[in-house]
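Geometric and topological summary
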Amino acid sequence: MGAIASVTNHLKTRENIFPFMSPIQEHVDILIIGGGPAGLSCAYELALQNKQVLLLERKETIGEKVCAGGITWSGLLQHVPENLVEQSFPEQTIVTTLQQCKIRETNPIIATVNRVRLGQWMAKKALNSGAHIASGVKVLSISDKHVTLLNREQQVKTIRFNHLIGADGANSLVRRFLKLPNEKMGLGLNADLAIHRQQMQWHFNPRLFANGYAWIFPHKETCSVGAYVQSGSIPARELKKHLIKWTGAQQLHIPSNMIKAGLVNYDYRGHCFGRFWLIGEAAGLASGLTGEGIYPAIVSGCEVARAIADPTYKTARIDLMVNKQRRHNKMLKYSSKYPWSCQLMINFIVLCMRMKLIPFQELEMAD
Ligand SMILES: Cc1cc2nc3c(=O)[nH]c(=O)nc-3n(C[C@H](O)[C@H](O)[C@H](O)COP(=O)(O)OP(=O)(O)OC[C@H]3O[C@@H](n4cnc5c(N)ncnc54)[C@H](O)[C@@H]3O)c2cc1C
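Fair warning: this is a prediction, and the values are worked out from it, not measured in the lab.

1. Points about the pattern of salt bridges
Throughout the structure, instances matching the rule amount to 11 salt bridges. Note that Lys241 is salt-bridged to Glu238, the shortest N-O span being 3.6 Å. Here Lys241 and its partner Glu238 are both found in helix H6 (residues 236-249), three residues apart, which amounts to about one turn of the helix. Judged by its relative accessible area of 52%, Lys241 is exposed. Overlapping salt bridges bring together Lys324, Arg327, Glu362 and Asp367 as one network.

2. Some remarks on a nonpolar patch on the surface
Among the surface-exposed residues, Tyr338, Trp340 and Leu344 lie close enough to one another that they form a single nonpolar patch of about 370 Å² accessible area. Checked against the element boundaries, Leu344 lands in helix H9 (residues 339-354). With a relative accessible area of 54%, Leu344 lands in the exposed category.

3. Some thoughts on a positive patch on the surface
Together, Lys184, Arg326, Lys330, Lys333 and Lys337 make up a positively charged patch on the protein surface. Mapped onto the secondary structure, Arg326 falls in helix H8 (residues 316-337). When its relative accessible area of 52% is taken as the criterion, Arg326 is described as exposed.

4. Concerning the sheet that holds strand S3 (residues 70-72)
Taken together, the three strands give an open sheet; going across it, the order is S3-S7-S4, and neighbouring strands pair in antiparallel fashion. Lying at the two open borders of the sheet, with one neighbouring strand each, are S3 and strand S4 (85-89). Strand-to-strand, the axes of this sheet are offset by a mean angle of 30°, without reference to chain direction. Note: S4 against strand S7 (residues 110-113), four bridges, orientation antiparallel. Bridging from a neighbouring strand, Phe89 pairs with Ile110 of S7.

5. Some details on the sheet that holds strand S14 (residues 213-218)
Pairing within the open sheet is mixed, and its seven strands lie in the order S6-S5-S13-S14-S15-S12-S16. Edge positions in the open sheet fall to strand S6 (100-104) and strand S16 (260-265), since each of these has one partner strand only. Direction aside, neighbouring strands of the sheet carry axes that sit 20° apart on average. As defined by bridge partners, strand S12 (residues 185-193) adjoins S16 across six bridges and the pair is classed as antiparallel. The residue bridging Gly186 from the neighbouring strand is Val264, located in S16.

6. Describing the nonpolar core
Residues Leu31, Ile32, Leu46, Leu56, Val147, Leu164 and Ile165 are the most contacted members of the largest nonpolar core, which totals 66 residues. Per-element accounting of this core gives the leading share, nine residues, to helix H7 (residues 294-309). Filtering out sequence-adjacent residues up to four positions away, Leu164 remains in contact with Leu31, Ile33, Ile142, Val147, Val174, Arg275, Phe276 and Trp277. Counting residues in each nonpolar core, the second largest holds 28 residues, with Ile109, Tyr213, Ala286 and Val350 among its members.

7. A short note on the pairing of strand S10 (residues 146-150)
Two strands pair when backbone bridges link them, and strand S9 (residues 138-142) and S10 are joined in this way by four bridges, in the antiparallel orientation. By the bridge assignment, Lys138 is partnered in S10 with Leu150. Following S9, the chain reverses through three residues before pairing antiparallel with S10. Pairing of S10 with strand S11 (residues 156-166), which is carried by five bridges, proceeds in the antiparallel orientation. Following the sheet pairing, Thr148 is matched in S11 by Thr158. Connecting the antiparallel pair S10 and S11 is a turn made up of five residues, with Gln154 showing a positive phi of about 65°.

8. With respect to the environment of Leu320
Tracing the chain through its elements places Leu320 in helix H8. Note on Leu320: relative accessible area 44%, which makes it partly exposed. It is 32 Å that separates the C-alpha atoms of Leu320 and Gln99, two residues lying 221 residues apart in sequence.

9. A look at the layout of surface pockets
Approximately 350 Å³ is the volume found for the second largest pocket. Every residue lining the second largest pocket is counted, 17 residues in all, and those nearest its centre are Ser41, Leu76, His79, Lys125 and Ile298. Those elements that place two or more of their residues in the lining of the second largest pocket are helix H2 (37-48), helix H3 (115-128) and H7. Tallying contributions element by element places H7 first for the lining of the second largest pocket, with five residues.

10. Here we look at the confidence of the model for the protein chain
Predicted confidence across the protein chain gives a mean pLDDT of 93, with 96% of residues reaching 70 or more. Low pLDDT, under 50, characterises residues 1-9; the stretch is placed with 18 contacts to residues that sit more than four places away or in other chains.

11. Looking at the environment of Gln201
Within the element layout of this structure, Gln201 appears in strand S13 (residues 200-203). It is 4.7 Å that separates the C-alpha atoms of Gln201 and Thr93, two residues lying 108 residues apart in sequence. If we ignore the near neighbours within four places in the chain, the residues touching Gln201 are Thr93, Ala214, Trp215, Ile216, Phe217 and Gln250. At 2.8 Å, the side chain of Gln201 and the side chain of Gln199 are in polar contact.

Criteria and cut-off values
Residues numbered from 1 in each chain as written. Predicted model: local features only at pLDDT ≥ 70, side-chain atom pairs only at ≥ 80, totals over all residues. Heavy atoms only, no water. Salt bridge = Lys/Arg side-chain N within 4 Å of Asp/Glu carboxyl O. Helix = DSSP H or I, 4+ residues; strand = E, 2+ residues; numbered from the N terminus. Buried < 20%, exposed > 50% of the residue type's maximum accessible area, 1.4 Å probe, protein only. Patch = residues over 30% accessible without salt bridge, like charges linked within 9 Å, V, L, I, M, F, W, Y side chains within 5 Å. Areas by Shrake-Rupley, 256 points an atom, 1.4 Å probe, with all protein chains shown as cover. Lys, Arg positive; Asp, Glu negative; His and termini not counted. Charge placed at Lys NZ, Arg CZ, Asp CG, Glu CD. Pairing = 2+ DSSP bridges. Axes fitted to C-alpha atoms, helices over the stretch in contact; angles between N-to-C directions. Core = buried A, V, L, I, M, F, W, Y, C linked by side-chain atoms within 4.5 Å. Contact = heavy atoms within 4.5 Å. 1 Å grid on protein atoms, 1.4 Å probe; cavity = no way out; pocket = protein on both sides within 12 Å on 5 of 7 lines; lining within 4 Å. Points joined across faces, edges and corners; volume = space filled by probe spheres on them. pLDDT = per-residue confidence, 0-100. Polar contact = N/O pair within 3.5 Å; in protein donor to acceptor, adjacent residues only side chain to side chain.

Given below as structure tokens:
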């Protein structure tokens, strides 16, 4: 693999990353499945409200995730400690087949974070506030009153709960238990390369990426390179070929085994189902247009925790994100209607951004 290394492996050799091993009781008040940003923010907020909460994560290392690690200023960037930010970019370079432009603002528009570092920081914060977290524990099935799991000793156990929160990502088991459809999905490919790039770049090329895009997001010691499309617009294998072809034109080389795939769920159908709750991508709370999901995951986790603690609480911040998601879905719909409409819409939006008629924030999930 030469100079190329995955960011997670990079971290494992140099930093202490611990498994979280809270005891698993037979009954808990609130059980969260999934230790991504949604589950961790929810666990933290519930613990702050003195609730008894246990979070189960199937992976050994909390935070590991196929992701470009971009967070926005109006969303999350102002709320994470400075030492978590790898690089920040007040300037974005946008390239289409017809134009190239730079968009600049006073504050960083987007910064990059390492997902393992973000996950570890969030998990420690939740633990210190009183939440219980057990990693390396996979939930196998769900019934009305209990879940069945495989613990780190490979034993099958059950836990009863009063509330169950599905924070288990794009392909959520809790969502399937609730029999909710998954019709709006995105597909992302990402590779973390040990190269140095200065600019944060977005590339729109309908021939290669339909109404999606490819990116170059520099981190501190690595660079995330990838592509995102609406599921079904380009088959995964084709997308991988297109990504490799495009990176060649950018004087980058990605060995095909470095490319990892992940789904993005933007099919929101609600977040409260009696004693069952959905947050983050399990609730379909991501942007179908850009694939942004870290901010909606954190906000929805926090909102649902407050709603459980206080049944009169109005989850207004989820409503705002759902409105934003609908606007993004409209843009997706128009751009995929005819082969020419995609090209036209992308160039029109970029032109409006150049002329400062549309702020970059319109592409973000935060308002
Ligand atoms: C290629 C790619 C690039 C992306 N880049 C960005 C970006 O730059 N910026 C951005 O904001 N968003 C990005 N996203 C989206 C972002 O990663 C997700 O929206 C975000 O992680 C969702 O958080 P979550 O907590 O809802 O789910 P996740 O982060 O997916 O966490 C769910 C957790 O649940 C666990 N889990 C699942 N099933 C079980 C089970 N049965 N038992 C126990 N645990 C279980 C999983 O192991 C996982 O850790 C990207 C996505 C992809 C695919």
